[in-house]
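Architecture and fold: a report
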Amino acid sequence: KLNKNIIRLNCIGRYTFQKGQLELIKIISNLENINYELNFYGRGSLAQQMEEGILKYRQVSKMNLKNSTNLDDIYNDADIIIINSQYEGQSNVFLECLEFGKPMIINERLKKELLEIYGESILAFIVFFNDTNEIQKFLQKITSDEEYLKEILKEQKNFALKYENEFQTIDKYYLDLKKDSK
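Residues numbered from 1 in each chain as written. Predicted model: local features only at pLDDT ≥ 70, side-chain atom pairs only at ≥ 80, totals over all residues. Heavy atoms only, no water.

1. Things to note about the sheet that holds strand 2 (residues 36-41)
For clarity, the threshold we go by: Strands qualify as paired when DSSP identifies two bridges or more between them. Per the convention used, a helix needs a DSSP run of H or I reaching at least four residues, while a strand needs a run of E reaching at least two, with both numbered from the N terminus. Between N-to-C directions, angles span 0 to 180 degrees; the directions come from axes that are lines fitted to C-alpha atoms, helices contributing only their stretch in contact.
Read across the sheet, six strands follow the order 3-2-1-4-5-6 without closing on themselves; strand pairing throughout is parallel. The strands lining the two open edges of the sheet, one partner per strand, are strand 3 (62-66) and strand 6 (126-129). Geometrically, the sheet is characterised by an average inter-axis angle of 25 degrees between neighbouring strands, direction not taken into account. Summarising the sheet, strand 5 (residues 104-107) and strand 6 pair through four bridges and their orientation is parallel. The residue of strand 6 that forms the bridge with Ile106 is Phe128.

2. Thoughts on the packing of aromatic side chains
Basically, it comes down to this: Side-chain rings of Phe, Tyr and Trp, where Trp is taken by its six-membered ring, are said to pair if the distance between their centres is within 6.5 Å; with planes under 30 degrees apart they count as stacked, over 60 as edge-to-face, and otherwise as tilted. Whether a residue is buried, partly exposed or exposed follows from its accessible area with a 1.4 Å probe, protein chains only, as a fraction of its type maximum: under 20%, in between, or over 50%, in that order. Should the NZ of a Lys or the CZ of an Arg lie within 6 Å of a ring centre and within 35 degrees of the ring normal, that charge is described as sitting over the ring.
Scanning all chains against the criterion turns up seven aromatic pairs. Aromatic side chains Phe94 and Phe159 sit 6.2 Å apart centroid to centroid with 90 degrees between the ring planes, which places their arrangement in the edge-to-face category. Here Phe94, found in helix 4 (residues 92-100), pairs with Phe159, found in helix 7 (residues 146-166); they are 65 residues apart in sequence, far enough to count as distant. When sorted by exposure, Phe94 lands in the same class as Phe159, which is buried. Against the face of Tyr148 rests Lys141, its NZ or CZ located 4.8 Å from the ring centre.

3. Focus on the pattern of salt bridges
Using the following cut-off: When a carboxyl oxygen of Asp or Glu is within 4 Å of a side-chain nitrogen of Lys or Arg, the pair counts as a salt bridge.
Under the defined criterion, the tally for this structure stands at 10 salt bridges. Lys66 is the partner of Asp77 in a salt bridge, and the nearest nitrogen-oxygen pair spans 3.2 Å. Here Asp77, found in the loop between helix 3 (71-76) and strand 4 (80-83), pairs with Lys66, found in strand 3; they are 11 residues apart in sequence, far enough to count as distant. A salt bridge links Lys150 to Glu147; the nearest nitrogen and oxygen atoms lie 3.6 Å apart. Of this pair, Lys150 and Glu147 both sit in helix 7, three residues apart, which is roughly one turn of that helix. The class of Lys150 is partly exposed, set by a relative accessible area of 47%. In the salt-bridge network here, residues are joined through shared partners; they are Arg8, Lys66, Asp77 and Asp79.

Put into structure tokens, the structure is as follows:
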């Protein structure tokens with residue numbers, strides 16, 4: 001269930017340039033008429049700069065730096081996971097969203113890379129964004145159209161159920177190595 005009173009967005013990962021958190025603070029701070037909370041889970045070299053960025057925009061939003069390694073806490077604290085990385089590869093956060101059933105909104109610059117890894121079926125459940133306006137439209141749509149969110153989560157679940165059989169997971173890779181060495 002989506003909390004329509006306040007949408008809780010979580011961005012998860014090391015506080016580094018690669019993860020795009022400083023850019024995300026600026027992008028999200030321009031949302032209008034959306035009551036939200038943006039939590040950054042992680043730690044790293046950009047923590048001080050992120051805190052300064054958050055303080056700069058505090059009057060228009062609620063943003064927090066949080067530190068937890070408990071995945072249940074991190075994902076249960078979110079309505080939507082946002083990924084704004086410069087590059088990502090096979091993201092743990094992507095896989096964790098599948099496990100926890102959390103919708104994802106991901107920066108467009110990752111689209112080509114994710115399509116190469118996972119194929120076009122991800123387009124049924126991932127929303128890609130370039131700017132504040134696209135995030136704004138997505139958040140308005142999911143808060144006004146409950147069926148839209150249900151469809152996203154249904155497609156994500158279908159993908160997750162097929163994932164292990166269709167992709168070379170780490171577990172399968174090591175099992176194949178064991179078989180090949182015998």
